[in-house]
Each structure stands twice: as C-alpha cells, then as structure tokens.
Amino acid sequence: MSESVSFMLDRRVTLAVIAALVFQTASALLWAGAATERLKYLETRVAAQPSLAERTAALEARVRDVQRSTVRIEQKVDLLLHGQNLSDQP
C-alpha cells in the first residue's frame, strides 16, 4: 500500500508546451518587474509634490482674505450710494 510516488514526465507533454509555460512564466515575471518600477516612480512623484491638505489650507486662507476685502468694498460702496462721507467711517 505504500507505493513510492515519483515524478515522471509523460511523453504526451511536448516540448512546445514546456516552452510555452517557460515563456509565460518569464513574461509574468517581466510584467511584475515593470509594474513595480512604475509604482516606485509614482510613489517618488507623489512624495515630491506638496501635500494637498497644505495647498487647500493656503487657498482657504486666501479666499477668506478676499471675502473680507469684498465685504469692506461693499460697505464703502453702500456708504457712497447713500450719500455718507467715507471719512466718517473707521
């Protein structure tokens, strides 16, 4: 009952099948290597760019400043339209 199992290559497996398997394995390894290189390239580009959160915070600060300026300009225009002197306002 304890038969030793040894690997035997059946003659029906042709050299072309073996060559195709070797070629397919080599292609898969080359593809994986290329994918790894692309990922490394993208990671270095992302790391080199400034943080999106920092850029967004800077833009928000600028928008707040523009809004404040707009409010002041609107107030001055309203005063001019209502005939008040701008030198009376702070």
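Residues numbered from 1 in each chain as written. Predicted model: local features only at pLDDT ≥ 70, side-chain atom pairs only at ≥ 80, totals over all residues. Heavy atoms only, no water.

A.B. asks: Would you mind going over a nonpolar patch on the surface with me for this structure?
C.D. replies: A contiguous nonpolar surface patch, about 530 Å² in accessible area, is contributed by Val13, Leu15, Val17, Ile18, Leu21 and Val22. What makes Ile18 partly exposed here is its relative accessible area of 34%. (Patch = residues over 30% accessible without salt bridge, like charges linked within 9 Å, V, L, I, M, F, W, Y side chains within 5 Å. Areas by Shrake-Rupley, 256 points an atom, 1.4 Å probe, with all protein chains shown as cover. Salt bridge = Lys/Arg side-chain N within 4 Å of Asp/Glu carboxyl O. Buried < 20%, exposed > 50% of the residue type's maximum accessible area, 1.4 Å probe, protein only.)

A.B. asks: Quick question: what am I supposed to make of the environment of His82 here?
C.D. replies: Here His82 lies in the segment after α2 (52-81). Of note is the side chain of His82, whose polar atom sits 2.5 Å from the backbone oxygen of Asp78. (Helix = DSSP H or I, 4+ residues; strand = E, 2+ residues; numbered from the N terminus. Polar contact = N/O pair within 3.5 Å; in protein donor to acceptor, adjacent residues only side chain to side chain.)

A.B. asks: How should I be thinking about the pattern of salt bridges in this particular structure?
C.D. replies: Two side chains of opposite charge can pair, provided their charged atoms sit close to one another. Evaluated as defined, the whole model comprises one salt bridge. In this structure, Asp65 engages Arg68 in a salt bridge whose closest nitrogen and oxygen atoms are separated by 3.0 Å. Residue Asp65 and its partner Arg68 are located together in helix α2, separated by three residues, close to a single helical turn. Owing to a relative accessible area of 43%, Asp65 belongs among the partly exposed residues under this scheme. Given a relative accessible area of 47%, Arg68 falls into the partly exposed group.

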